[in-house]
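# Reading the structure
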Amino acid sequence: MKVTIFGTGYVGLVTGACLAEMGNHVVCVDIDAGKVERLRRGEIPIYEPGLEPIVRRNHAGGQLDFTTDAAPAIAHGEVIFIAVGTPPDEDGSADLQYVLGVARTIGQHLDRYAVVVNKSTVPVGTADRVRTAIATELASRGAGVEFDVVSNPEFLKEGDAVEDCLRPDRIVIGSSSAHAVAVLRKLYAPFNRNHERTVVMDERSAELTKYAANAMLATKISFMNEVANIAERVGADVELVRQGIGADPRIGYHFIYPGAGYGGSCFPKDVQALERTARGVGYQARLLGAVEAVNHDQKTKLFELISRHFDGDLKGKTIALWGLAFKPNTDDMREASSRRLMEALWAAGAQVRAFDPEAREETRRIYGERADLVLCEHAYDALQGADVLAIVTEWKAFRSPDFARIRAALGTPAVFDGRNLYDPAVVEEAGLAYYGIGRGRSLRVAR
C-alpha cells in the first residue's frame, strides 16, 4: 500500500520504517530539511535498538523515502498518518497546533479519497477537530473530495519500539466508517498473522484508550513508590513486598518496580493531559493528580538520601551518576529523573561526574559545557575523584558491577541505588554504605 506519514519523530519514523519493512511504499514528511537530508543518508536522529538497519535497508530498497514537500506526499498516500508532536501546553493540556496544521495541509492538497489516521497521542475529540479542519480547507477550494479520519493510537515503548511495532499486542482502530476500518485492516494484515490483534471501536474511545493505558501504568509506578516510602519508614523491604504482591496474577509483576520516578515523553505528558481533559468536562480526576504529585516528589528522593548522608552539606562534593536517560535503551532525557537530581546537586554546590551508554550527547545538548559536569566515556571513569555513586537508570551494564573497584575509587564509599538493582547485603559486605528506595535500612542508616 502507499502510505504517507507526517512527522519523522519517534512515532513517525518507527511506524514508517516498520510499515516499509512489510512491503509498503512509505513517504515520510518533515518540515526540517536538514533532518530529512540526514535521514536520506541513513543518519537516525534518535537511539532506538534495531531502527537504523530497517531505515537504511528500506530507504536503499526504495520502500521508504523522506521529503519536505507535502503536496506530492499527500498525492502519494492512500493512507495518510499524522504523527507529529503534541507537547504539553502551559496548563498541562496537549498542544494540537501541529496536528491541526497537518490536517489543514492535507485539506489544501487532497484530490482523491484517503484515510487520514491520527497516530499522535491526542485528547478525546481530536478526530472531530481534524475532520473539521480538513473539510474546511476542502470547502474553501470547492473540492468535493471524500475522506475518513481514524484514531489509531500507538503503544510503543522507547527501547522496544521496533519490536512493539512489528509484533504489537493490540492494534486499536477507532472509526465509524466500515470502509476506513477495512483499509486499516488491510494495512495491518501482516502484523496479524499469528492471531487477531485488532480492536475496533469509535474514535473517542480509541483516543481515551491511549491516555487511559499510560495513566494506568503511571499509576502503578506511583503506587509502588508510595509503598516504598512507607516501607522505608516501617523497616520493611519493598523488594520483598513487590515479589509478594506480584505473585498475585490479578496484579502481576509489570510496572511495580519502585524507583526514582518515571519520566519520558509519554507518562508525564499524558497523565497531565488526561487530568486536564477531565477538568474540561467538569470532573476532578483526583487519582490522576495524586499520581503526578507522587512522581514529582519521588524525583527528589535520591537527592534527599545523598544530602542526608552528608548531613545537608554538599558543597564541594563530587557525585558520580550512572545513568542519564529516563530509561534504558534510549537517549531520551525528557522529564528524566537524572535532570532533577543533577540540578539539585548543582544548586547545593556539588559537582557531577556522569556516565550513560547513550545519553551523553543529549545531556551535553541540554546543559552545554559547564565546570560542574563531567561526562565520562566509561562507567568507572565517572568514579574517579567522586565521593559517592548514584544509580539513576537501570541499564543492564550496571547490574553486576565490581563493588571492590567502586569502593576503592570513591572518597566516602556509598551507593545510592535509585532503581534497587543491588542486594543491600552484597553491597555492604564489599565495604560500601547502601541506600535504596524503600529498602527499610536506608532511613535507619541515615539516622
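For every chain, the first residue of the written sequence is number 1, and numbering continues from 1 along that sequence. Residues qualify for local features only when their pLDDT is at least 70, as the model is predicted, and side-chain atom pairs are given and counted only at 80 or more; totals for whole chains, interfaces and linings, by contrast, use all residues. By convention in this description, side-chain values take in all heavy atoms of the structure and omit both hydrogens and water.

### Observations concerning the nonpolar core
So the rule is basically this: Here, nonpolar core means buried Ala, Val, Leu, Ile, Met, Phe, Trp, Tyr and Cys residues that are tied together by side-chain atoms lying within 4.5 Å of each other. Accessible area is worked out with a 1.4 Å probe on protein chains only. A residue is then buried under 20% of its type maximum, exposed over 50%, and partly exposed in between. Numbering of helices and strands runs from the N terminus, with a helix taken as a DSSP run of H or I at least four residues long and a strand as a DSSP run of E at least two residues long.
The biggest cluster of nonpolar side chains holds 41 residues, and the ones touching the most others in it are Leu-19, Phe-81 and Leu-184. Element by element, the count of residues in this core is highest for helix α1 (residues 10-21), at eight residues. Within the second largest apolar cluster, 30 residues are counted, among which are Leu-305, Leu-324, Met-333 and Ala-414.

### As for the confidence of the model for the protein chain
Note that predicted coordinates carrying low pLDDT should not be read in detail. Applied cut-off: Here pLDDT means the predictor's own confidence in every residue, given as a number from 0 to 100. When checking whether two residues touch, look at their non-hydrogen atoms; a contact exists if any pair is within 4.5 Å.
Averaged over all residues, the pLDDT of the protein chain equals 95, while 98% of them reach at least 70. Contacts from residues 442-447, a stretch scored under 50 in pLDDT, to residues over four places away or in other chains number eleven contacts.

### Details of the sheet that holds strand β14 (residues 433-435)
Basically, it comes down to this: Strand pairing is assigned whenever DSSP detects at least two bridges linking the two strands. Interaxial angle, 0 to 180 degrees, is taken between N-to-C directions of lines fitted to C-alpha atoms, where a helix line uses only the stretch in contact.
Pairing is parallel in the open sheet, where six strands are placed in the order β11-β10-β9-β12-β13-β14. Each having just a single partner strand, β11 (373-375) and β14 make up the two edges of the open sheet. Pairs of neighbouring strands in the sheet enclose a mean axial angle of 20°, with direction left out of account. Sitting on the sheet, helix α14 (residues 337-347) touches β9 (318-322), β10 (351-355), β11 and β12 (388-391), and the angle it makes with β9 is about 175°. Sheet strands touched by helix α15 (residues 360-367): β10 and β11. Its angle to β11, the strand with the most contacts, is close to 155°.

### What about the pattern of salt bridges?
Where we set the bar: Between Lys or Arg on one side and Asp or Glu on the other, a salt bridge is scored when a side-chain nitrogen of the former is within 4 Å of a carboxyl oxygen of the latter.
Using the criterion set out here, one finds 29 salt bridges in the structure. Arg-131 is paired through a salt bridge with Glu-203; the nearest N and O atoms lie 2.8 Å apart. Taken together, the residues Arg-131 in helix α6 (residues 126-141) and Glu-203 in helix α9 (residues 203-234) connect sequence positions 72 residues apart. Its relative accessible area of 28% is what places Arg-131 among the partly exposed residues. Look at Glu-203 and you get buried, because its relative accessible area is 11%. In the salt-bridge network here, residues are joined through shared partners; they are Asp-128, Arg-131, Glu-203 and Arg-204.

### Notes on the packing of helix α11 (residues 267-280) against helix α12 (residues 286-298)
Between two packed helices, both the angle of their axes relative to each other and the distance between the axes serve to describe the pair. Under the convention used in this document: Our angle categories are set so that under 35 degrees counts as roughly parallel, over 145 as roughly antiparallel, 65 to 115 as roughly perpendicular, and the remainder as oblique. Handedness of each helix crossing follows the sense of rotation of the near helix against the far helix: counterclockwise by less than a right angle gives left-handed, clockwise gives right-handed. Classification convention: Asp, Glu, Lys, Arg as charged; Ala, Val, Leu, Ile, Met, Phe, Trp, Tyr, Cys, Pro as nonpolar; all other residues, Gly among them, as polar.
Their axes nearest at 9 Å, the elements α11 and α12 cross at an angle of 150°. When the axis of α11 is compared with that of α12, the two are roughly antiparallel. Like other packed secondary-structure pairs, α11 and α12 cross with a definite hand, here left-handed. For the pair α11 and α12, contact is made by Pro-268, Val-271, Gln-272, Leu-274 and Glu-275 and by Leu-288, Gly-289 and Glu-292, respectively. The residue inventory of the contact of α11 with α12, partitioned by class, reads four nonpolar, two polar and two charged.

### Comments concerning empty space enclosed by the protein
Unoccupied space between atoms shows up once a probe the size of one water molecule is rolled over them. Spelled out, the test is: Put simply, the grid is 1 Å and covers the protein atoms alone, a cavity is a trapped set of points that fit a 1.4 Å probe, a pocket is an open set with protein on both sides within 12 Å along at least five of seven lines, and lining residues have an atom within 4 Å of a point. Grid points are joined across faces, edges and corners, and a volume is the space filled by probe spheres set on the points.
Taken as a whole, this structure holds two cavities of 30 Å³ or more when the rule is applied. Considering only enclosed or pocket space, the largest cavity measures out at about 40 Å³ in volume. Around the largest cavity, the lining residues are Asn-118, Ser-120, Thr-121, Val-122, Ser-151, Pro-153, Glu-207 and Lys-210. Its residues assigned to classes, the lining of the largest cavity shows two nonpolar, four polar and two charged. Considered as a void within the structure, the second largest cavity measures approximately 30 Å³ in volume. If you go around the second largest cavity, the residues you meet are Ala-260, Lys-299, Leu-302, Ser-337, Leu-341 and Val-392.

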